[in-house]
Amino acid sequence: MKTPNYRIGLTASALLAASILAACGGGSSAGGNGTLGVSMTDAPACGFDHVNVTVNKVRVHQSASASDTDGGWIDITPSTGKIDLLNLTNGVLQSLGETALAAGHYTQLRLVLDANTGAAMANSVVPSATGVEQTLITPSAVQSGIKLVSEFDVVAGQRVDLVLDFDACKSVVARGNGSYALKPVVKVIPTVLNGISGFVSPALLSQHVMVSAQRNGTVVSTTTPNATTGEFFLARLVPGDYDVVLTADNSASAVVGAVPVASATSTTVLSTSAAPITLAASATGSIGGTVALAPANPTETAFVSARQSFGAGRTVTIKYQGVEAGAYSLNNLPLTAPRFTAYSATLPLIFSAQADSLPGTGKYAVSASAFGYASSAPLNVDIGTANQTGVNFALVP
């Protein structure tokens, strides 16, 4: 998995946002006030029923070198209380508020979360396996502000809207003692809607369906379908082609190849409510082990991914998990290869069974990565006859 995608920073989506702001009259301007509005959205969290955060404030500053204690910060203080990030999938936005800003160029944006104090659990998770709410441990940096690298311009008399895409799946990290830590992964993205939409069969909705847009096996965006209708929307994608991968418990995955997103305002439809996408049943297995970082780094997150290859060398990620150095477990991995169809504007799409590129069933390429460390070479793991529990990684710079 390409590790830089998991760092907080200026992404291709943020660059797109900058170009949109410029098209609306961006650029430094002296005198007068404009307005900044900030909203939050989310990709789904793997293996959780709820991921709750409490936003204390959003801070902006014109100086890139300003510390959190310097003067000159302008704050937006939400009145939202605790926010369940898993309610913000499929393009749904939660407004965090707005503020007047002096016209000019701004170089810092920070997201500040409330600290967990007493039994209040300002930030918490509910794992699907237990259904019990537990505290989400937050690093001290969360209280001083999660730094979001995103420059933007405010023009007198105009409004700028920014969306903070809080990727819960990559941000909630399993710890070895059964607790969970928050290692925030946040992108700044444009408010304009584009992307890929469709429906999955309502019969699958109790099976933890996940839909992702991928490029060369790397996950770019994820969502979960509406719990009632099965509708999904992979929103705010940089224009280009994507493989769309659908997974669910006890099911073979389905892949739609080379789905085009033509522009920053276009939406590509893959299925309708009258003819939703279904997944074939499949036996499943699991892969587990440990990840060690040498030298150790208690603040760094490792990501473990399991990929399947099929057809003419096509590879997709089926499951991935972020962990602090220690144990990981990738569960509900289908033993059969994904079903596949190339994108067509003619619906419904017809999927066909594929042969694994690796002989036999239950074959996965498993790898681990962490920022600042060399990614591991993929290990070929066979769960066709038994689950595998000793798939271990040692990452070095």
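What you see is a predicted model; the values in this text were computed from it and never measured.

Criteria and thresholds
- Residue positions within a chain follow its written sequence, with the count starting from 1.
- Since the coordinates come from a predicted model, pLDDT governs what is reported: local features require at least 70, and pairs of side-chain atoms require 80 or more to be given and counted, while whole-chain, interface and lining totals use all residues.
- In computing side-chain values, all of the structure's heavy atoms are included and hydrogens and water are not.
- Using a grid of 1 Å spacing that covers the protein atoms alone, one calls a set of points a cavity when a 1.4 Å probe fits there but cannot get out, and a pocket when the set is open and has protein on both sides within 12 Å along at least five of seven lines; lining residues are those with an atom within 4 Å of a point.
- Grid points are joined across faces, edges and corners, and a volume is the space filled by probe spheres set on the points.
- The helix and strand labels rest on DSSP assignments: H or I over at least four residues marks a helix, E over at least two residues marks a strand, and numbering proceeds from the N terminus.
- Ten residues, namely Ala, Val, Leu, Ile, Met, Phe, Trp, Tyr, Cys and Pro, are considered nonpolar, four, namely Asp, Glu, Lys and Arg, are considered charged, and the remaining ones, Gly among them, are considered polar.
- Here a salt bridge means any side-chain nitrogen of Lys or Arg lying within 4 Å of a carboxyl oxygen belonging to Asp or Glu.
- The rule is simple: take the accessible area with a 1.4 Å probe, protein chains only, and divide by the maximum for that residue type; under 20% is buried, over 50% is exposed, in between is partly exposed.
- Any two of the Phe, Tyr and Trp rings considered here, Trp counted by its six-membered ring, make a pair once their centres fall within 6.5 Å; the pair's planes then place it as stacked at under 30 degrees, edge-to-face at over 60, or tilted in between.
- We count a charge as sitting over a ring when the NZ of a lysine or the CZ of an arginine lies within 6 Å of the ring centre and within 35 degrees of the ring normal.
- As used here, the term nonpolar core means buried Ala, Val, Leu, Ile, Met, Phe, Trp, Tyr and Cys residues forming a set that is joined through side-chain atoms within 4.5 Å.
- A contact between two residues is defined here by any heavy atoms of the two lying within 4.5 Å.
- At least two bridges found by DSSP between two strands are what make those strands a pair.

A. View of empty space enclosed by the protein. As enumerated under the stated definition, the model contains three cavities of 30 Å³ or more in all. By volume, the largest cavity is sized at about 100 Å³. Lining the largest cavity we find 14 residues, and of these Asp42, Asp165, Ser221, Thr222 and Ala235 sit closest to its centre. Only β1 (33-43), β18 (218-223) and β19 (231-235) provide two or more residues apiece to the lining of the largest cavity. In the lining of the largest cavity, the residues fall into five nonpolar, six polar and three charged.

B. Quick peek at the pattern of salt bridges. If you walk through the whole model with that rule in mind, you get eight salt bridges. Note that Lys170 and Asp167 form a salt bridge whose closest N and O atoms lie 3.7 Å from each other. The buried category is assigned to Asp167, whose relative accessible area is 10%.

C. Geometry of the packing of aromatic side chains. Inspection of the entire model under this criterion finds four aromatic pairs. Between the aromatic rings of Phe310 and Phe340, the centroid separation amounts to 5.8 Å while the plane-to-plane angle is 55 degrees, which identifies the pairing as tilted. On the criterion of sequence distance, the pair formed by Phe310 in strand β24 (residues 302-310) and Phe340 in strand β27 (residues 339-342) is long-range, its members being 30 residues apart. Here Phe310 and Phe340 have matching classes, each one buried. The ring centre of Tyr242 lies 4.2 Å from the NZ or CZ of Arg215, which sits over that ring.

D. The arrangement of the nonpolar core in detail. Within the largest apolar cluster, 65 residues are counted, with the highest numbers of intra-cluster contacts made by Leu111, Val291, Tyr328 and Val366. Examining the composition of this core, we find that six residues originate from one element, strand β2 (residues 48-61), more than from any other. Counting 22 residues, the second largest nonpolar core, distinct from the first, contains Ile196, Leu234, Val261 and Phe351.

E. Layout of the environment of Gln62. The residue Gln62 is located in the loop between β2 and β3 (74-76) in this model. In this structure Gln62 comes out as partly exposed when scored by relative accessible area, which is 43%. Sequence separation between Gln62 and Leu109 is 47 residues; the distance between their C-alpha atoms is 9.2 Å. Residues in contact with Gln62, not counting those within four places in the same chain, are Ala103, Gly104, His105, Tyr106 and Thr107.

F. Focus on the pairing of strand β9 (residues 134-137). Taken together, the two bridges between strand β8 (residues 124-127) and β9 define a ladder with antiparallel strand orientation. Note on β9: the bridge partner recorded for Val125 is Gln134. Between β8 and β9, which pair antiparallel and follow one another directly, the connecting turn spans six residues, one of which, Gly131, has a positive phi of 70 degrees. Bridge count for β9 against strand β14 (residues 180-182) is two bridges, and the pairing is parallel. Considered in β14, the bridge of Ile137 is made with Ala181.

G. Up close: the environment of Tyr180. By the secondary structure assignment, Tyr180 is in strand β14. You can call Tyr180 buried: its relative accessible area is 17%. Residues Tyr180 and Ile137 lie 43 residues apart in sequence; the distance between their C-alpha atoms is 6.2 Å. For Tyr180, the residues in contact, after removing those within four places along its chain, are Phe48, Val125, Pro127, Gln134, Thr135, Leu136, Ile137, Val172, Val173, Ala174 and Arg175.

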